[in-house]
Amino acid sequence: MSIDLGKANEPNHVELGRKDDAKVHKMFLDHTGSHLLIALSSTEVLYVNRNGQKVRPLARWKGQLVESVGWNKALGTENSTGPILVGTAQGQIFEAELSASEGGLFGPAPDLYFRPLYVLNEEGGPAPVCSLEAERGPDGRGFVIATTRQRLFQFIGRAAEGAEAQGFSGLFAAYADHPPPFREFPSSLGYSELAFYTPKLRSAPRAFAWMMGDGVLYGALDCGRPDSLLSEERVWEYPEEVGPGASPPLAIVLTQFHFLLLLADRVEAVCTLTGQVVLRDHFLEKFGPLKHMVKDSSTGHLWAYTERAVFRYHVQREARDVWRTYLDMNRFDLAKEYCRERPDCLDTVLAREADFCFRQRRYLESARCYALTQSYFEEIALKFLEARQEEALAEFLQRKLAGLKPAERTQATLLTTWLTELYLSRLGALQGDPEALNLYRETRERFRAFLSSPRHKEWLFASRASIHELLASHGDTEHMVYFAVIMQDYERVVAYHCQHEAYEEALAVLARHRDPQLFYKFSPILIRHIPRQLVDAWIELGSRLDARQLIPALVNYSQGGEAQQVSQAIRYMEFCVNVLGETEQAIHNYLLSLYARGQPASLLAYLEQAGASPHRVHYDLKYALRLCAEHGHHRACVHVYKVLELYEEAVDLALQVDVDLAKQCADLPEEDEELRKKLWLKIARHVVQEEEDVQTAMACLASCPLLKIEDVLPFFPDFVTIDHFKEAICSSLKAYNHHIQELQREMEEATASAQRIRRDLQELRGRYGAVEPQDKCATCDFPLLNRPFYLFLCGHMFHADCLLQAVRPGLPAYKQARLEELQRKLGAAPPPAKGSARVKEAEGGAAAGGPSREQLKADLDELVAAECVYCGELMIRSIDRPFIDPQHYEEEHLSWL
């Protein structure tokens, strides 16, 4: 009878089709549940496939009483078993292969082949093969374990490449000349049974259990061992009530941590770790005696059966308390592995392991475990202090520090300070001992590793003030600098170097980390000792430094007035101005002061390079003027006067230096001829009265066309004869004569132009235009003579109202207002009366009350009809005006929709 677990209430009965007295000796089902072998007591074997449901005898197997089958888990499928091993009661091991294909009457038999491989012997000769297991290890090696009543044999070997179809013949051929290794026990049950534990289907087994006469041999399977697969072997001896002389075990099943023995009336579970019986499950007599027990390798379920019932065991959470067992065995790694998801249990294991290591004087390992527990911090610390194990205490403190949360700042400060004190004390004790030099170096490296550890960086940074105090109290300046560098507290490092007059090292730190604030702070000190190197560092940093922040250092340094001091300051200021393009007034003013004191030759060149526009220079002009005047740099003062456009002062000062310089200044006000003449007169007076040089005075007349000889004559003394400036007087008279001739020619040209204008006016009075009856308005295209109209000389004709509408948009606002006013007055004026009396009366009334109607019309004509709207300037000015007025665009747009 077969039962499908999906349909447990619908068992399937299979008839063996036997009429003789043969009974079922044993049954063997493969791991897929597809192939079933039924061994009969009549030395026949029947085969049933799950898909065929037809019992088929195996002719090649006849005559063999099958005791065990080793299924091929690697090559077995639903249709084929692949090469399998068969053990018989005569001690023979056969290799066979079964196929589920069913042919007709003459179709192939299910047993493809059945050939002998090996014979197992005990002392008395061949012995029944009680169990067979064929497996393949993770390294590709194959192995077979076979058992008899008293022996366990191991066949180990590697199959040849591409030799899968050859089966196991190559493996057993290696033992043709010598027997395989085996374990033997004296007692016998008359049978034995082997069980494997495999974590996953088709994976390599990890443990074994062999039920035999003396007890149960169990242990681990190590596929990597070359000689024997069995390791960690132990024998569980049967108690008095179990064994060959009492109630013999019938079957065995192995799980991860237990093996289960099947007795006639109960199942006993034994822990493989402790050898203790942890379960006795008794069965009622009504079910009959138990027959056998097997394990489903795919689901892990255990099955036990009697003649009347089948029982299933479902193993759940088998490893839940295994950690306690490993803990009692002091196997802490395995205990932690099996309670990793249970923090309370894990803490217990760690505490026990820490205590164990402490008792074994393995203090460092103990400290690492204590740091992971929830034990009281004070107790553990005192424990190491009493044992004088400062190194282990430091390890414990470091581990605790690494596990702190960001909010636990107080604890972090305490731990970092304590650790620093421990290391410093240790280093201080070892430093003077030459025999402990290596230990001192190791301790120093560990201390530096602690200070530079990325895990502790946050806490060390928060406690840096107290750590620096500790380092200072111990006088450990080396580690003080080292710690400051790690914490990027370069200010402290630079200050330390400056304090010990190591100025180049201080500058090297500044240059390496390029922090502008540190440069600003320490430049006043460094520039007094290494000015050139410091200025080089400033120049290398370039625009990252604010030159204004460095001026105080330069001012203090250059107050001595020595040439080297001033030159270094000028070098950096010139770099800022010429290379960086600084425009700050303070920088340019300071450079001016340096030039004025130390390099007067460069002062004027700098001023000229800055330009002559007061809006483009970057220095303070008034400050520059005062500075140049204080130091007596007159040419520089003249240049500043020119930039300030104080030309009179510039000429006055230039005359004290050089007349040519004064002449250059006098020509600068190009647009103000009166001022130029005044400046040149100053130069002429100076040349005549101060230098008494008549020739130079005459040269001034030639240089400035604004000066005349009569302007200069008052400056000459009375005793000077006319011979000195006769040529100048003659030249002046010639110029006057030429000017008179030019005026006469202009007068003649004006007279001719007036005559031409009078002639044109006479011609215009006689011009007229003719209007034909068919002529139309140029704007509305209606006949022109229907309404009052205008006729222009260009030929365009407009109705009066049409011309008014065309002209109005192009007039400025004030003319539009004037136009409306004239229209309003014309509308209010009385119409012209007939008869001379009324005309005179109207004229008198107009003269008394305002302009007449004719005057209003004349004003309107002058405003509207001054030029043709199509040919005059009005049309030209309207080129950039849109065709549609923006104010009426929306209205016009909607009218087209």
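Rules and cut-offs
Residues numbered from 1 in each chain as written. Predicted model: local features only at pLDDT ≥ 70, side-chain atom pairs only at ≥ 80, totals over all residues. Heavy atoms only, no water. Buried < 20%, exposed > 50% of the residue type's maximum accessible area, 1.4 Å probe, protein only. Helix = DSSP H or I, 4+ residues; strand = E, 2+ residues; numbered from the N terminus. Pairing = 2+ DSSP bridges. Core = buried A, V, L, I, M, F, W, Y, C linked by side-chain atoms within 4.5 Å. Contact = heavy atoms within 4.5 Å. Phe/Tyr/Trp six-rings, centres within 6.5 Å; stacked < 30°, edge-to-face > 60°. Lys NZ or Arg CZ within 6 Å of the ring centre and 35° of its normal. Axes fitted to C-alpha atoms, helices over the stretch in contact; angles between N-to-C directions. Parallel < 35°, antiparallel > 145°, perpendicular 65-115°, else oblique. Nonpolar A, V, L, I, M, F, W, Y, C, P; charged D, E, K, R; others polar. Patch = residues over 30% accessible without salt bridge, like charges linked within 9 Å, V, L, I, M, F, W, Y side chains within 5 Å. Areas by Shrake-Rupley, 256 points an atom, 1.4 Å probe, with all protein chains shown as cover. Salt bridge = Lys/Arg side-chain N within 4 Å of Asp/Glu carboxyl O. Expected span 1.5 Å × (residues − 1). Polar contact = N/O pair within 3.5 Å; in protein donor to acceptor, adjacent residues only side chain to side chain. Arc of directions from axis to C-beta. pLDDT = per-residue confidence, 0-100. Disulfide = S-S within 2.5 Å.

### Examining the pairing of strand β26 (residues 302–306)
Side chains L302, A304 and T306 project from β26 onto a buried face, and the interleaved W303 and Y305 project onto a face without burial. Where strand β25 (residues 290–295) lies against β26, 5 bridges are found, and the strand directions are antiparallel. Residue pairing for β26: M293 is matched across the bridge by A304. As defined by bridge partners, β26 adjoins strand β27 (residues 310–313) across 4 bridges and the pair is classed as antiparallel.

### Considering the nonpolar core
Counting 73 residues, the largest nonpolar core has F519, L526, W538, Y572, M573 and Y619 as the members making the most contacts within it. If one sorts the elements of this core by residue count, helix α18 (residues 563–579) sits on top with 8 residues. Not counting residues within four places of it along the chain, the set of residues in contact with L526 comprises C498, Y503, A506, L507, L510, P531 and L534. Among the nonpolar cores identified, the runner-up in size contains 39 residues, and I380, A392, L401 and L470 belong to it.

### Some details on the packing of aromatic side chains
If you walk through the whole model with that rule in mind, you get 29 aromatic pairs. Between the aromatic rings of F792 and F798, the centroid separation amounts to 6.0 Å while the plane-to-plane angle is 75°, which identifies the pairing as edge-to-face. Each of the two residues, F792 as well as F798, counts as buried. The structure contains a cluster of three or more aromatic residues connected by ring pairs, namely F358, Y363, Y370, F377, F384, F396 and W418. We note K383 situated over the ring of F358; from NZ or CZ to the ring centre the distance is 4.8 Å.

### Thoughts on the packing of helix α5 (residues 363–372) against helix α6 (residues 377–386)
Close contact between α5 and α6 brings their axes to 11 Å; oriented N to C, the two are set at 170°. In terms of orientation, α5 lies roughly antiparallel with respect to α6. Of the residues in α6, those touching α5 at Y363, S366, A367 and Y370 are I380, K383 and F384. Split into classes, the residues belonging to the contact of α5 with α6 amount to 5 nonpolar, 1 polar and 1 charged.

### What to know about a nonpolar patch on the surface
The grouping of L785, F789 and L791 at the surface amounts to a nonpolar patch, some 250 Å² of accessible area in total. Residue position: F789 is located in strand β28 (residues 789–791). Judged by relative accessible area, F789 falls into the partly exposed class, the value being 33%.

### Examining the sheet that holds strand β10 (residues 111–119)
Reading across the sheet, the 4 strands line up as β7-β8-β9-β10 and stay open at both edges, with antiparallel pairing between neighbours. The open sheet has two edge strands, β7 (66–70) and β10, and neither has a second partner. On average, adjacent strands in this sheet sit at an angle of 25° to one another, irrespective of strand direction. Both β7 and strand β8 (residues 84–88) contribute to a ladder of 4 bridges, which runs antiparallel. Counted as the bridge partner of G70 is L85 from β8.

### What to know about the sheet that holds strand β18 (residues 207–212)
Taken in spatial order, the 4 strands of this open sheet run β17-β18-β19-β20, and their pairing is antiparallel. Looking at the sheet topology across the chains shown, the edges are occupied by β17 (193–197) and β20 (230–237). For this sheet, the mean angle separating the axes of adjacent strands, direction not counted, is 15°.

### So, the pattern of salt bridges
Applying the stated criterion to the full structure yields 33 salt bridges. D333 is paired through a salt bridge with K336; the nearest N and O atoms lie 3.8 Å apart. Residue D333 and its partner K336 are both found in helix α3 (residues 332–337); the two are separated by 3 residues, about one turn of the helix. D333 sits in the exposed class, given a relative accessible area of 58%. Among the salt bridges present, the one from E821 reaches K825, with a minimum N-O distance of 3.2 Å.

### Comments concerning the environment of P669
Mapped onto the fold, P669 is located in the loop between α24 (659–666) and α25 (673–690). Taking C-alpha positions, P669 is 9.8 Å from K642, a pair spaced 27 residues apart along the chain. When sequence neighbours within four positions are dropped, the list of residues in contact with P669 reads Y647, L675, R676 and L679.

### Some words on the pairing of strand β19 (residues 215–221)
When you tally the buried positions in β19, you get 7 out of 7 residues, the bulk of the element. By the bridge criterion, 6 bridges tie β18 to β19 in an arrangement that is antiparallel. If you follow W210 over to β19, its bridge partner there is L217. Between the end of β18 and the start of β19, which pair antiparallel, lie 2 residues. The pairing of β19 with β20 spans 6 bridges and is classified as antiparallel. Across the sheet, the residue bridging to L221 is L230, located in β20.

### Structural notes on helix α8 (residues 409–431)
For α8, spanning 23 residues, the distance from its first C-alpha to its last is 32 Å, which sits close to the expected 33 Å at 1.5 Å a residue. Lining the buried residues of α8 we find α6, α7 (390–402), α9 (437–451), α10 (457–462), α11 (464–474) and α12 (477–486).

### Description of the side chain of N49
Structurally, N49 can be placed in strand β5 (residues 45–49). Polar side-chain contacts of N49 include one of 3.2 Å to the side chain of Y47. Side-chain polar atoms of N49 contact the backbone nitrogen of N51, separated by 2.9 Å. Not counting chain neighbours up to four residues away, the residues in contact with N49 comprise S34, H35, E78 and A100.

### Topic: helix α21 (residues 621–630)
Along α21, the residues classified as buried are L621, A624, L625, L627 and C628. Angular distribution of buried residues about the axis of α21 spans 165°; they occupy a single face of the element. Across from the buried face of α21, at angles greater than 90 degrees, the exposed residues are K622, A629 and E630. Along its buried surface, α21 packs onto α19 (585–598), α20 (600–610) and α22 (634–643).

### Let's talk about unusual backbone geometry
With glycine set apart, most residues show a phi of negative sign, and most peptide bonds adopt trans. Here R317, not a glycine, exhibits a phi torsion of approximately 50°, which is positive. Position of R317 relative to the elements: it lies in the loop between β27 and α2 (322–328). A positive phi is found at N330, a non-glycine position, where the angle reads about 60°. Of note, N330 is situated in the loop between α2 and α3.

### Describing the confidence of the model for the protein chain
On average, residues of the protein chain score 81 in pLDDT, and 87% of them are at 70 or above. When pLDDT is averaged over each helix and strand of the protein chain, the minimum, 47, is found for helix α31 (residues 836–849) and the maximum, 94, for β8. Note on residues 844–848: pLDDT is under 50 here. Beyond four places in sequence and across chains, it has 3 contacts.

### Focus: the environment of D536
Locating D536 in the fold gives a position in helix α16 (residues 531–541). With a relative accessible area of 33%, D536 lands in the partly exposed category. For D536 and Q568, which are 32 residues apart along the polypeptide, the C-alpha to C-alpha distance reads 9.6 Å.

### Overview of the state of the cysteines
Such a bond, covalent and formed between the sulfur atoms of two cysteines, is termed a disulfide. With the rule as written, the count across this model stands at 0 disulfides. Not engaged in a disulfide, the cysteine C339 finds its nearest cysteine sulfur in C345; these two sulfurs lie 5.9 Å apart. Classification of C339 as buried rests on a relative accessible area of 1%. Distance from the sulfur of C357, which forms no disulfide, to the nearest cysteine sulfur (C369) is 5.1 Å.

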